[in-house]
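Listed here are the chains, written in short residue letters.
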Amino acid sequence: MSDIVRTRFAPSPTGLLHVGGVRTALFAWLVARQKGGEFILRIEDTDRARHVEGAEQHIIDSLKALGLNYDEGPDIGGQYGPYRQSERLDSYKQWAQKLLDSGRAYADPFKPEEIQVFREQAQAEKRPFLYRNHRPENPPTWDGSMPLRFKSDPKPYTRHDEVMGDLSTGPETIDDFILIKSDGYPTYNFAHIVDDTEMHITHIIRGQEFLSSIPNYLNLYEALNLSPPTMATMPHILGPDGKKKLSKRDGAKDVLDYIRDGFLPEALLNFIASLGWNDGTEQEIFSLVNLIELFSLDRVQHSGARFDEQRLLWLNGAHIRELSLDNLYMLSETYWPAEAAESDEQYKMQVLKLVQERLKYLAELPELTRFFFIDLPRNPELISGHKQLSKLSAEEIKELLNQTKQSLEQSDFSLEDLTNRLNDLLETTEQKPAVLFSLIRVATTQAPFSPALADTLVVLGKKLSLARIEQQLA
RNA sequence: GGCCCCUUCGUCUAGUGGUCCAGGACGUCUGGUUCUCAUCCAGAAAAUCGCGGGUUCGACUCCCGCAGGGGUCACCA
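Let us look at the structure shown here. Counting of residues starts from 1 at the beginning of each chain's written sequence and follows it residue by residue. Numbering of ligands from 1 and lettering of chains from A proceed in the order in which they are written. The predicted origin of the model limits local features to residues at a pLDDT of at least 70 and limits the giving and counting of side-chain atom pairs to 80 or more, whereas totals for whole chains, interfaces and linings rest on all residues. With hydrogens and water set aside, each side-chain value is computed from the structure's full complement of heavy atoms.

1. Examining the side chain of Arg8
This is how the line gets drawn: Under the DSSP-based scheme used, a helix requires at least four consecutive residues in state H or I and a strand at least two consecutive residues in state E, with every element numbered from the N terminus. Throughout, exposure labels follow a simple rule: accessible area from a 1.4 Å probe, protein chains only, divided by the maximum for the residue type, with under 20% read as buried, over 50% as exposed, and the rest as partly exposed. Polar contact criterion, stated in full: a pair of N or O atoms within 3.5 Å, where within protein one must be able to donate a hydrogen and the other to accept it, and residues adjacent in sequence count only if both atoms are side-chain atoms.
With respect to the secondary-structure elements, Arg8 resides in strand β1 (residues 6-9). Judged by its relative accessible area of 4%, Arg8 is buried. Engagement of the side chain of Arg8 in a polar contact is seen with the side chain of Asp196, the distance being 2.7 Å.

Now the structure itself:
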């Protein structure tokens, strides 16, 4: 039991889960899965002011949509619950009492405004602010109405981070941070250590914003007589400008938006993993199974990576192309254009087969396939704007379409027969494919682009194809 | 300002002293695939390896300094 790997994802419900958060979750999940361990979801909802209604559900929905299943969590329970920090206040009180008893915690008698004065003083002198420089000599008894602080033991640390490598810091980074706020809720700094201990977490994987606080945590682990878990610190995912942390402003949609647009979970995870990780080979496309097998924390980049949506688009297209037709059909179910509602499965399968290689994401399905289901309005632009077709007179166009019609009327509309007839038409009309095929394509689709002509005609079928040619003639 | 982290093509990256006048991928451009879009294939442009010093026969790789970027210094996580 004690040597099973247990990792956790511990978001705070203060907003939507975005790509950066997903990456932390993904890597923690991968570590657990590849070691046959367990992955836990814990909600860190100790900040009542910033709590966002529905955020927890959004996080849960996102993880489920991505397939990052967890073994214990607020909605499914587990043997070390509850998994919501707001429901674990008794635990924090108990551990706080231990520190109080050993003289490693004390009540903070200052008002926030008073501390603010100290802080501004330090800032004016261009020194970092350290609360412990103001540590009261005879702190009052803690009655819960004021913050409880950790009595730190400043010292240098040298430690190993699974991602960052060996790190060292001096005693100046250690301070008396708050354990329990005056509202009775613990701070992250305290709560996560209690929870990770009680939940037997073996690997903490978290974002870079915690890097400079970790020495403080080590100090607290010591005071509690605990040995800290393995730690891994992830660099941030950056916005397109390459500077700031990725935010919604940068076009970083939340994960569910991507899922709704028809990005495949596997592609999304492949993309997110490759933002700062690779296996050292030239492989770019990884299945989830690949990722579980190959992932390792020590190959995670130390620097931030920019979010490049173009690359995501490409990767998603690549994953779509690797899907079996049946699979793609299942996943596409809700993306068809409204006009496809009446069409049968067999027809939609044929259509899907033709567009599979040009789909970048499933929500593109309607614009790529609409003409298979409905007669699009005549679009004269397609001829007047075409470099070759625009040179033909109305008479010439009519003549070409008539010849085409006559030939296709004799066709059984098999791919082979259509191909032969189209080739024959090239000879009898003495036209280049760029002219004849373009014209037929425009007439039968009224769309700016479509799959290959013969393939398209086969799927459209004889009746529809001829009807549309006649429409163009009218 | 203190402390900590980071720095290879536009972007994601390979690279752990010589096989790198730096490889792959996305993107871009060119050509081919009987028409368009996409796919696929072939090819091109694209990094004086942030800068400056060392160490070494030899450095993208080791050391030192500098610069730039980021994080942090909350009763937020």
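2. Some points on the nonpolar core
The condition is simple: Here, nonpolar core refers to any group of buried Ala, Val, Leu, Ile, Met, Phe, Trp, Tyr and Cys residues whose side-chain atoms link them within 4.5 Å. By definition, residues are in contact when any of their heavy atoms lie within 4.5 Å.
Counting residues in each nonpolar core, the largest one holds 49 residues, and the members touching the most others are Leu26, Phe27 and Leu63. Elements with a contribution of two residues or more to this core: α1 (19-34), β2 (38-41), α2 (55-66), β9 (230-234), α7 (255-260), α8 (265-274), α9 (288-294) and α10 (309-321). Ranked by residues supplied to this core, first place goes to α1 with 10 residues. In this view, Phe27 contacts Ile205, Met234, Ala273, Trp277, Phe295 and Val300; residues no more than four positions away in its chain are not counted.

3. Regarding unusual backbone geometry
Put simply, Gly81 and Pro82 share a cis peptide bond, and its omega is 0°. Position of Pro82 among the secondary structure elements: in the loop between α2 and α3 (89-101). The backbone of Lys126 sits at a positive phi, close to 55°, despite the residue not being glycine. Lys126 sits in the exposed class, given a relative accessible area of 77%. The backbone of Phe413 sits at a positive phi, close to 60°, despite the residue not being glycine. Considering the arrangement of structural elements, one finds Phe413 in the loop between α15 (394-409) and α16 (415-429).

4. As for the protein's contact with RNA strand B
Quick reminder of the rule: Note on terminology: near, applied to a residue and a molecule or strand, indicates that one of the residue's heavy atoms is within 4 Å of it. Under the convention adopted here, Pro, Cys and the residues Ala, Val, Leu, Ile, Met, Phe, Trp and Tyr are nonpolar, Asp, Glu, Lys and Arg are charged, and Gly plus all remaining residues are polar.
The environment of RNA strand B is made up of 65 residues, and the closest members are Arg119, Lys181, Glu357, Pro433 and Leu453. Among the atoms of RNA strand B lying within 4 Å of the protein, the sugar-phosphate backbone contributes 74%. Contacts to RNA strand B include Ala452, whose backbone N or O atom sits 3.5 Å from a base oxygen. Residue Leu453 places a main-chain N or O atom 2.4 Å away from a base nitrogen belonging to RNA strand B. Taken together, the elements giving at least two residues each to the surface near RNA strand B come down to α4 (112-124), β6 (165-169), β11 (305-306), α10, α16 and α17 (433-445). No other element matches α17, which puts 5 residues into the surface near RNA strand B. Residue composition of the surface near RNA strand B, by class: 24 nonpolar, 20 polar and 21 charged.

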